[in-house]
Amino acid sequence: EQDADAYLLLQEAHDEIMRNALAEIGGHEVDTEGDAFQCMFPNVVISLLFCFKVQEDLAGYDWPESVLSLYGCARVKSKLYRNKYVWAGPRVRMAVHFAKGGTYLAKSHPTTRRVAYGGKAWDTTSTLSDVGHGGQIIVSESAWRQLTANGDEGAAGYPIFEDLGRYQIGDQGLPMRLLQVTPARSALSEREFPALRDVDILDRGQGMNIVPSMDGKVAVVCAIIEPSRFIGVAERFITLIAKREQASKDFSMDENKMDSVASPLATSPVFVPEYSNEIDLMSLNNTVRRSTSLRGDERSLGELLNPQNNVLKEENTTLYFTDEHQQAVDVVVSTLQSLVSQFGGYVIRTVEEVDTPKQMMVIAFKSSSSAVRFALAAQTTLMEYPWPKEVNEAFGRTTMCFSKDGVPLYNGPCVAMSAHVTKIEKFPMFECEGRSKSSVGHSISYKYNGILQALELAFIANGGQTVLSSSFFDSKWQRGLSLSQTQVTDLGAHGVRYFSHPVKLIEILPKILQERTDFFSPLASQRILSVGAPNAPGAHGEPVALVFTYPRVAQEFQNSEHASQAVDNFSETVRALLPRYNGYESQEVGTGCFFLSFPSVEDAVAWSIHLQLILRRSDWNSTEKAFESRDCPEKQNLSRKSSSKSDSVDSKMGDYWGPLGSSSFSWMEGQVQESNADFSIVSSDSFGSDQNLTLRNMTIRKRHLVLVQIGISYGMPTKVTPHVQTGRADYFGPIVNLSARVAKGTKPGDVHLSSYEDLSETLRFGDDPDQQSCYLKGMEFANEGKWVDVDLSDEGMRSFKGVKDKRRLYSVKVSSDPYSLRATPTSSL
């Protein structure tokens, strides 16, 4: 009699929860049969939200002890979520099926006058609700496809699907793929169920891999759980895959491989000899720093590397694994697998027939947007997980790390992640007795191509960091992603093992975790070839020299193919010279229009002088070939025009140069004004007797397809922060506007300089107080560099548009060109 009362309480609470959920979510109660409800919904999203709410409300209901004492109604606490229950109260099985028009019937019931349903789809749904177990939600393949085809996973809360396989459903034995679904970030995901009841299985399911195996061009995401703790596991796996690569391709694994890779500039028409100016950062230092920083080791790097202390050996021997470590790995794996299901990824279990360790995951996604959303969700979910104190202590986190706003930045084990767009190739794998037990059931393995590179990127990253390769960043990863909720940071160019060329790397984090960047160690790559945004000039509050460049092409050659190629060569030259002078490319706002930064005025000026000299002596920038390709009448016409103007025009109006595709410009009293005049200038300079008359009668600017206006300003930027889209360091403040205005008011081929700081002590070039000079790095073939005399002229105080006060303007020119235009042009500077 007591049980009867408890069952009555259970039934009443069950019905109340069901009807409240229907009213809140928006469903229609068709009929009831005993304790069973039959409902209809306008779409799959609403039906899933209804199922999730019912199951959550049943587990969270305050059931009396009389109900909990009933068979199958006891409480079971969650192992993953605090104060949550996996089970509590009655276990209700549910099923969702999508019915197309014509597959079901609807008619009014003669007695109740309610609409009654029937037909094939209705019978299928009824059967599906019988094959599951209490607390289980079964979804038909048609319902799942309807959800994913419309891209409604997000509206349903990115639920976790698990492929159960293909079964014979109904009396006619129709084959149907069935899936199990649970809500994301819920204790319900801990529920485990036996095989489906009273139904024959045709094909085994793929579990969390609800999408079919992939090959071809995909986005590969690699994750390494707590690299500071499991670095040995990751290194052994990657090394083993690399040995398979070596065996199949006879690929040299020499640590100095990057030195033997030909520079992409070697075959370029603007090749500039290399010189040694790398950032001296050893991989060993990074590895030691990474493996100790997260365990709270306060010893210095020098102490760790001192062989007399034998610390490295001690570090290896003190690593141990506890129940807390195993629990943390289980939670992270479960969380990542559920997110893989949500974002439509495919977990690669084996690479080159080698099982992926439990502490690592390799996931393939069809789209880079799904891959980056998965990575962001993974970092956020693991951060928000209620990790017990024992787990944090096991990983050396005895104190919490907070952002400036008090938001925790680290909690529990961290995961280093990478994303790389590449082509992958799968092959069938045959089971044998020698294979490990974990491999049983996996009939597909993948070749190392592409995956090895992605693994290495995750291996060099910090725990809690997500690193994107340049191939990934160049894909359409931003589709469907809110950039206001993400932080993109340029990490510079690196030499990375298993990459045949230098690779640009980018960091991406959820906005709430963006301050993690301040705590990350440098990437443990083979070498850093250029700095990233965190170490860009001025990033740490010091003054910086900002540079704008505006390339100009003479109007006569605006439509010339030679001029177009020269502009491309100019852009390549800009980037080739930047590392030599510690320069940093912030933006390219137009074709060849660069926004650059340098740590000092000396570097900015030397870079500018070097660039101008290259433009003046490179054969690819000479107008000679352009004139040779023109018809004789045009050359004669240009020659006649050249001899008809006086030298006074040159001093008053400047040359007939202009930006690409625009009208010409003239320079009057330092201000830029548009002009439609088309002038050619007479000059006393001569190329020599072997040059044609047209070239002899042209000024120095007319001898070149491209010359550049360069403006430099020095001072303190208001703010330096990564650009929201590119991640490169972006500069703000009056100094930026001043740089642009100075460049706009400069003649092509000239360099102008202004400042918000006192330059009286800064403008000291060279050791000779009577002659200014700057050192051009790597100008000669012997790679020795060269001192070049420069003239620094004070042009007085000038007004600039948008600049509050007048600023002193300086012009910088080469006193004597060591590679004068009388010399034979060459392209090897």
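Computed from a prediction, not measured in an experiment: that's the story for all the values here.

Reading guide: rules and limits
- Residues numbered from 1 in each chain as written.
- Predicted model: local features only at pLDDT ≥ 70, side-chain atom pairs only at ≥ 80, totals over all residues.
- Heavy atoms only, no water.
- Pairing = 2+ DSSP bridges.
- Helix = DSSP H or I, 4+ residues; strand = E, 2+ residues; numbered from the N terminus.
- Axes fitted to C-alpha atoms, helices over the stretch in contact; angles between N-to-C directions.
- Contact = heavy atoms within 4.5 Å.
- Left-handed = near helix turned anticlockwise from the far one by under 90°.
- Nonpolar A, V, L, I, M, F, W, Y, C, P; charged D, E, K, R; others polar.
- Parallel < 35°, antiparallel > 145°, perpendicular 65-115°, else oblique.
- Core = buried A, V, L, I, M, F, W, Y, C linked by side-chain atoms within 4.5 Å.
- Buried < 20%, exposed > 50% of the residue type's maximum accessible area, 1.4 Å probe, protein only.
- Phe/Tyr/Trp six-rings, centres within 6.5 Å; stacked < 30°, edge-to-face > 60°.
- Lys NZ or Arg CZ within 6 Å of the ring centre and 35° of its normal.

Peer 1: Mind laying out the sheet that holds strand 11 (residues 200-207), listing which residues take part and the relevant values?
Peer 2: Reading across from one edge, 5-8-10-9-11 is the order of the 5 strands in this open sheet, with mixed pairing throughout. Looking at the sheet topology across the chains shown, the edges are occupied by strand 5 (94-96) and strand 11. If you compare each strand with its neighbour and ignore which way they point, the axes differ by 25° on average. Sheet analysis places strand 8 (residues 137-140) next to strand 10 (residues 174-182), joined by 3 bridges and oriented antiparallel. Each residue of the ladder has a partner; that of Val 139, found in strand 10, is Leu 179. Lying on the sheet, helix 2 (residues 44-60) is in contact with strand 5, strand 8, strand 9 (160-169) and strand 10; it crosses strand 5 at an angle near 170°. Sitting on the sheet, helix 5 (residues 141-149) touches strand 5, strand 8, strand 9 and strand 10, and the angle it makes with strand 8 is about 75°.

Peer 1: Which residues make up the packing of helix 16 (residues 561-577) against helix 17 (residues 601-617), and what values go with them?
Peer 2: Relative to each other, helix 16 and helix 17 sit at 145°, their axes nearing to 11 Å. Relative to helix 17, the crossing made by helix 16 is right-handed. Touching Phe 570, Thr 573, Val 574 and Leu 577 of helix 16 are Trp 607, His 610, Leu 611, Ile 614 and Leu 615, all from helix 17. Classifying every residue of the contact of helix 16 with helix 17 gives 7 nonpolar, 2 polar and no charged.

Peer 1: So what about the packing of helix 2 against helix 5? Which residues, and what values?
Peer 2: Close contact between helix 2 and helix 5 brings their axes to 9 Å; oriented N to C, the two are set at 115°. Comparing their axes, helix 5 and helix 2 come out roughly perpendicular. Contacts between helix 2 and helix 5 involve Val 44, Val 45 and Leu 48 on the former and, on the latter, Ala 143, Gln 146 and Leu 147. Classifying every residue of the contact of helix 2 with helix 5 by side-chain character gives 5 nonpolar, 1 polar and no charged.

Peer 1: Can you explain the nonpolar core? Please cite residues and give values.
Peer 2: Looking at soluble globular proteins, one finds that nonpolar side chains tend to be buried together. Formed by 64 residues in total, the largest nonpolar core has its most connected members in Leu 48, Phe 161 and Ile 348. Sorting elements by how many residues they give to this core places helix 2 first, with 8 residues. If near-sequence neighbours (up to four positions away) are discounted, Phe 161 is found in contact with Leu 48, Val 139, Trp 144, Leu 147, Leu 179, Gln 180, Val 181, Gly 207, Met 208, Ile 210 and Ser 341. By size, the runner-up hydrophobic cluster in this structure holds 44 residues, among which are Val 221, Ala 223, Leu 339 and Phe 374.

Peer 1: I'd like a description of the packing of aromatic side chains, backed by residues and values.
Peer 2: Under the counting rule described, the total for this entry stands at 15 aromatic pairs. Each ring, one from Tyr 104 and one from Tyr 117, has its centre 6.4 Å from the other, and the planes form 45°; the classification is tilted. Placement of Tyr 104 in the loop between strand 5 and strand 6 (105-108) and of Tyr 117 in strand 7 (residues 115-118) is noted, with a sequence separation of 13 residues between them. For Tyr 117, a relative accessible area of 23% puts it in the partly exposed group. Arranged with centres 6.4 Å apart and planes meeting at 55°, the rings of Tyr 346 and Tyr 446 form a pair that is tilted. With Tyr 346 in strand 13 (residues 346-347) and Tyr 446 in strand 21 (residues 444-446), the pair connects residues that are 100 residues apart, well separated along the chain. Comparing Tyr 346 with Tyr 446 shows no difference in burial state: the two are buried. Ring pairing ties together the aromatic residues Phe 548, Tyr 550, Phe 595 and Tyr 731, which thus form one cluster. If you follow Lys 719 out to its NZ or CZ, it ends over the ring of Phe 732, 5.1 Å from the centre. In this arrangement the basic side chain of Arg 728 is found over the ring face of Tyr 584, its NZ or CZ atom lying 4.5 Å from the centre.

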